[in-house]
Amino acid sequence: MKSFRKELWFELPKRRQLVNITPQVEAALQESSVREGLCLVNAMHITSSVFINDDESGLHHDFEVWLEKLAPEKPHNQYHHNGSEDNADAHLKRTIMGREVVVAITAGRLDLGPWEQIFYGEFDGKRRKRALIKIIGE
């Protein structure tokens, strides 16, 4: 069995942002030369997320509105976690959106549904962060 590891690095200019990383994951799969197996993609920071959904701007706006209702950024003093930092809401948003995805690899391709795309979700940006791609298989 082959094993392949690659990191994707981000330094996004906004506090919250969604980035379609499907092309980078597909490129890593080609680089790995795995034809049948599994691909794990996970956020390596507790205020960011990796998830699968549709790449549609209205939906992305709806995520922002929904997440902000569930875990509003302000007022910062509503959270016990906020002391030296102001990112408690980002921790909660990450919990809701998830840490990782696992996608089957079939015939050298990501076995995604018709509208599925892989996203990196940033909830406390403006600093350097990364996501891990781990591919195993034959």
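Anything mentioned here points back to the structure above.
Residues numbered from 1 in each chain as written. Predicted model: local features only at pLDDT ≥ 70, side-chain atom pairs only at ≥ 80, totals over all residues. Heavy atoms only, no water.

Focus: the pairing of strand 3 (residues 37–43)
As judged from the six bridges shared by strand 3 and strand 5 (residues 100–106), these two strands associate in the antiparallel manner. Paired with Cys-39 across the bridge in strand 5 is Val-103. Bridge analysis of strand 3 against strand 8 (residues 129–137) gives seven bridges, and the strand direction is antiparallel. Counterpart to Ala-43 in the pairing with strand 8 is Ala-131. (Pairing = 2+ DSSP bridges. Helix = DSSP H or I, 4+ residues; strand = E, 2+ residues; numbered from the N terminus.)

Section: the pairing of strand 5
Side-chain alternation along strand 5 places Val-101, Val-103 and Ile-105 on a buried face and Glu-100, Val-102, Ala-104 and Thr-106 on a face that remains uncovered. As paired strands, strand 5 and strand 6 (residues 109–110) are joined by two bridges and run antiparallel to one another. Within strand 6, the position partnered with Thr-106 by the bridge is Arg-109. Between strand 5 and strand 6, which follow one another and run antiparallel, lie two residues, and Ala-107 among them has a positive phi close to 55°. (Buried < 20%, exposed > 50% of the residue type's maximum accessible area, 1.4 Å probe, protein only.)

Considerations on the sheet that holds strand 7 (residues 117–122)
As a general point, the strands of a sheet are linked pairwise by backbone hydrogen bonds and lie either parallel or antiparallel. Strands sit in the order 2-7-4 across an open sheet of three strands; the sheet is antiparallel. Edge positions in the sheet fall to strand 2 (17–20) and strand 4 (48–53), since each of these pairs with one other strand and no more. On average, adjacent strands in this sheet sit at an angle of 30° to one another, irrespective of strand direction. Bridge analysis of strand 4 against strand 7 gives six bridges, and the strand direction is antiparallel. When the sheet's bridge partners are listed, Ile-52 is paired in strand 7 with Ile-118. Against the sheet, helix 2 (residues 57–70) makes contact with strand 2, strand 4 and strand 7, and its axis sits at roughly 140° relative to strand 4, the strand it touches most. (Axes fitted to C-alpha atoms, helices over the stretch in contact; angles between N-to-C directions. Contact = heavy atoms within 4.5 Å.)

Examining the sheet that holds strand 6
Read across the open sheet, the five strands follow the order 1-8-3-5-6; overall the sheet is antiparallel. Bordering the open sheet on either side are strand 1 (2–10) and strand 6, each of which pairs with just one other strand.

A look at the packing of helix 2 against helix 3 (residues 88–97)
In contact at an axis separation of 10 Å, helix 2 and helix 3 are set at 120° when each is read in the N-to-C sense. The angle between helix 2 and helix 3 falls in the class oblique. Every pair of crossing elements has a handedness; the one defined by helix 2 and helix 3 is right-handed. On helix 3, the residues that touch Phe-63, Trp-66, Leu-67, Glu-68 and Leu-70 of helix 2 are Lys-93, Ile-96 and Met-97. Along the lines of polarity and charge, the residues of the contact of helix 2 with helix 3 split into six nonpolar, no polar and two charged. (Parallel < 35°, antiparallel > 145°, perpendicular 65-115°, else oblique. Left-handed = near helix turned anticlockwise from the far one by under 90°. Nonpolar A, V, L, I, M, F, W, Y, C, P; charged D, E, K, R; others polar.)

Some thoughts on the environment of Pro-13
By secondary structure assignment, the location of Pro-13 is in the loop between strand 1 and strand 2. Judged by its relative accessible area of 62%, Pro-13 is exposed. Sequence separation between Pro-13 and Gly-125 is 112 residues; the distance between their C-alpha atoms is 6.7 Å.

Interpretation in functional terms is not warranted from these geometric data alone.
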